Amino acid sequence: GAGVSQSPSNKVTEKGKDVELRCDPISGHTALYWYRQSLGQGLEFLIYFQGNSAPDKSGLPSDRFSAERTGGSVSTLTIQRTQQEDSAVYLCASSLDSSGANVLTFGAGSRLTVL
Amino acid sequence: GDSVTQMEGPVTLSEEAFLTINCTYTATGYPSLFWYVQYPGEGLQLLLKATKADDKGSNKGFEATYRKETTSFHLEKGSVQVSDSAVYFCALDSGSARQLTFGSGTQLTVLP
């Protein structure tokens, strides 16, 4: 597609429920990133996929968070047993590759509210 | 580790005022530096970048110069418009980790 597409744009869930957030990157972009933007905070790196390499999961805040990228394209971020502190905007970005000056294209984000 | 510190907001200016948003960084090696902008309801988009010392990135009237000696990349615009109201993020790519490191963002509001 023309840009990075994320769904849902808004998600309200109850504490303890699982949620899945989807990211459809720009076609041909081999690198895909997930970031979290909490109110008044900067962007917190979560996970990074590059081609067929093992993902860099160093930013995932707990084992309740996981992500996968199928076929080198669409990615799903899963949060199990959600907590109120998980409330944030989850941003996905993709880039052509991860070499050189790394210019990311971001989606509009998925706003998660945990009640 | 890598880090980015940027001027805390919110910043409120009148139209046609001069804008400076400060950004300093800590990184290994020689990072690439970026300013991203997030307009209301939209995703972040690249505003400008610089890949080596003394480079000046510019776009839409905004400028930032990569200053290695002061580890800074301050964003400036000579005359802001209402349409510049957004959140501005400074970021770096040190090359040692493939993800960008972002500052906390600065909310800019320009009043007519």
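Predicted model only: the values in this text are computed from it and were never measured. (Residues numbered from 1 in each chain as written. Chains lettered and ligands numbered in written order. Predicted model: local features only at pLDDT ≥ 70, side-chain atom pairs only at ≥ 80, totals over all residues. Heavy atoms only, no water.)

A closer look at the interface of chain B and chain A
Contacts between the two partners involve 19 residues from chain B, matched on the other side by 20 residues from chain A. Seen at the junction of chain B and chain A, the total is zero salt bridges. At the junction of chain B with chain A, the criterion picks out three residue pairs in polar contact (both at pLDDT 80 or more). The set of elements that each furnish at least two residues to the side of chain B that touches chain A consists of β5 (32-38), β6 (45-50) and β10 (86-93) of chain B. Tallying contributions element by element places β5(B) first for the side of chain B that touches chain A, with four residues. In the side of chain B that touches chain A, the residues fall into seven nonpolar, eight polar and four charged. (Contact = heavy atoms within 4.5 Å. Salt bridge = Lys/Arg side-chain N within 4 Å of Asp/Glu carboxyl O. Polar contact = N/O pair within 3.5 Å; in protein donor to acceptor, adjacent residues only side chain to side chain. Helix = DSSP H or I, 4+ residues; strand = E, 2+ residues; numbered from the N terminus. Nonpolar A, V, L, I, M, F, W, Y, C, P; charged D, E, K, R; others polar.)

Points about the packing of aromatic side chains
Taken as a whole and judged by the stated rule, the model has 12 aromatic pairs over all chains. On the basis of an interplanar angle of 70° and a centroid distance of 5.9 Å, the ring pair of A:Y35 and A:F45 is categorised as edge-to-face. One end of the pair, A:Y35, is in strand β4 (residues 31-37); the other, A:F45, is in strand β5 (residues 43-50), and 10 residues separate them in sequence. Given the relative accessible area of 12%, A:F45 is considered buried. By the ring-pair criterion, three or more aromatic residues cluster together here, those being A:Y33, A:Y35, A:F45, A:Y48, A:F106, B:F34, B:Y36, B:F89 and B:F102. (Phe/Tyr/Trp six-rings, centres within 6.5 Å; stacked < 30°, edge-to-face > 60°. Buried < 20%, exposed > 50% of the residue type's maximum accessible area, 1.4 Å probe, protein only.)

What about the sheet that holds strand β3 (residues 19-21) of chain B?
All names here are of chain B. Spatially, the four strands line up as an open sheet ordered β3-β9-β8-β7, and their pairing is antiparallel. Every other strand in the sheet has two partners, leaving β3 and β7 (56-59) as the edge strands with one partner each. Shown here is a sheet whose adjacent strand axes are inclined to one another by a mean of 15°, direction ignored. Relative to strand β8 (residues 62-65), β7 runs antiparallel, the two sharing four bridges. (Pairing = 2+ DSSP bridges. Axes fitted to C-alpha atoms, helices over the stretch in contact; angles between N-to-C directions.)

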